[in-house]
Amino acid sequence: MDRRTVVLTNDFHQTSVALRGEALPGGEMHLSARQVKRAGLELCCSDCRCSGETGARGHQHWAFIYTQSDRDNGGLTLSPLLK
Ligand SMILES: [Zn+2]
């Protein structure tokens, strides 16, 4: 499995997290449910509502896509944005 680093940020808390995502064909990346939970705790915190489950807030380099598999298993697919 090819893994590459994904960086997500939160512009409210001024935090960032680097995760080793699974590289998918076409440049998309996949994060596991555990990685999504970790991102949420590192970027934000458990009782703050500034962001969603990933903790990401403000501009990201990725579009967040929840595939059927992600909805079933709790992961997240990231599709690269051109700018
Ligand atoms: Zn927060």
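Higher on the page you've got the structure.
1. Examining the coordination of the zinc ion
And step 1. All of the protein donors around the zinc ion are His13 (NE2), Cys44 (SG), Cys48 (SG) and Cys50 (SG); their distances to the metal are 2.0 to 2.4 Å.
And step 2. Spacing between the donor residues of the zinc ion along the chain follows H-x30-C-x3-C-x1-C. You can see His13 sitting in the loop between β1 (3-10) and β2 (15-23) and its partner Cys44 sitting in the loop between α1 (33-43) and β4 (62-65), a full 31 residues away along the chain.
And step 3. Given the relative accessible area of 11%, Cys44 is considered buried.

2. Overview of the environment of Cys44
And step 1. Residues Cys44 and His30, spaced 14 residues apart in sequence, show a C-alpha to C-alpha distance of 20 Å.
And step 2. Residues in contact with Cys44, not counting those within four places in the same chain, are Asn10, His13, Ala39, Cys50, Ser51 and Gly55.

3. A word on the pairing of β1
And step 1. Judged from the eight bridges that link them, β1 and β2 form a sheet pairing that is antiparallel. Counterpart to Leu8 in the pairing with β2 is Val17.

4. Here we look at the sheet that holds strand β5 (residues 76-80)
And step 1. Spatial strand order, β1-β2-β3-β5-β4: five strands in an open sheet with antiparallel pairing. The strands lining the two open edges of the sheet, one partner per strand, are β1 and β4. Along the sheet, successive strands turn relative to each other by an average axial angle of 40°, direction set aside.
And step 2. Bridge count for β2 against strand β3 (residues 29-31) is two bridges, and the pairing is antiparallel. Counterpart to Ala23 in the pairing with β3 is Met29.

5. Describing the side chain of Asp70
And step 1. With respect to the element layout, Asp70 can be found in helix α2 (residues 68-73).
And step 2. No salt bridge is formed by the buried Asp70. Its closest oppositely charged neighbour is Arg71, at 7.8 Å.
And step 3. Setting aside residues up to four positions removed in sequence, Asp70 forms contacts with His30, Ile65, Gly75, Leu76 and Thr77.

Criteria and cut-off values
- Residues numbered from 1 in each chain as written.
- Predicted model: local features only at pLDDT ≥ 70, side-chain atom pairs only at ≥ 80, totals over all residues.
- Heavy atoms only, no water.
- Donors = N, O, S within 2.8 Å, 3.2 Å for Na, K, Ca; no water.
- Helix = DSSP H or I, 4+ residues; strand = E, 2+ residues; numbered from the N terminus.
- Buried < 20%, exposed > 50% of the residue type's maximum accessible area, 1.4 Å probe, protein only.
- Contact = heavy atoms within 4.5 Å.
- Pairing = 2+ DSSP bridges.
- Axes fitted to C-alpha atoms, helices over the stretch in contact; angles between N-to-C directions.
- Lys, Arg positive; Asp, Glu negative; His and termini not counted.
- Salt bridge = Lys/Arg side-chain N within 4 Å of Asp/Glu carboxyl O.

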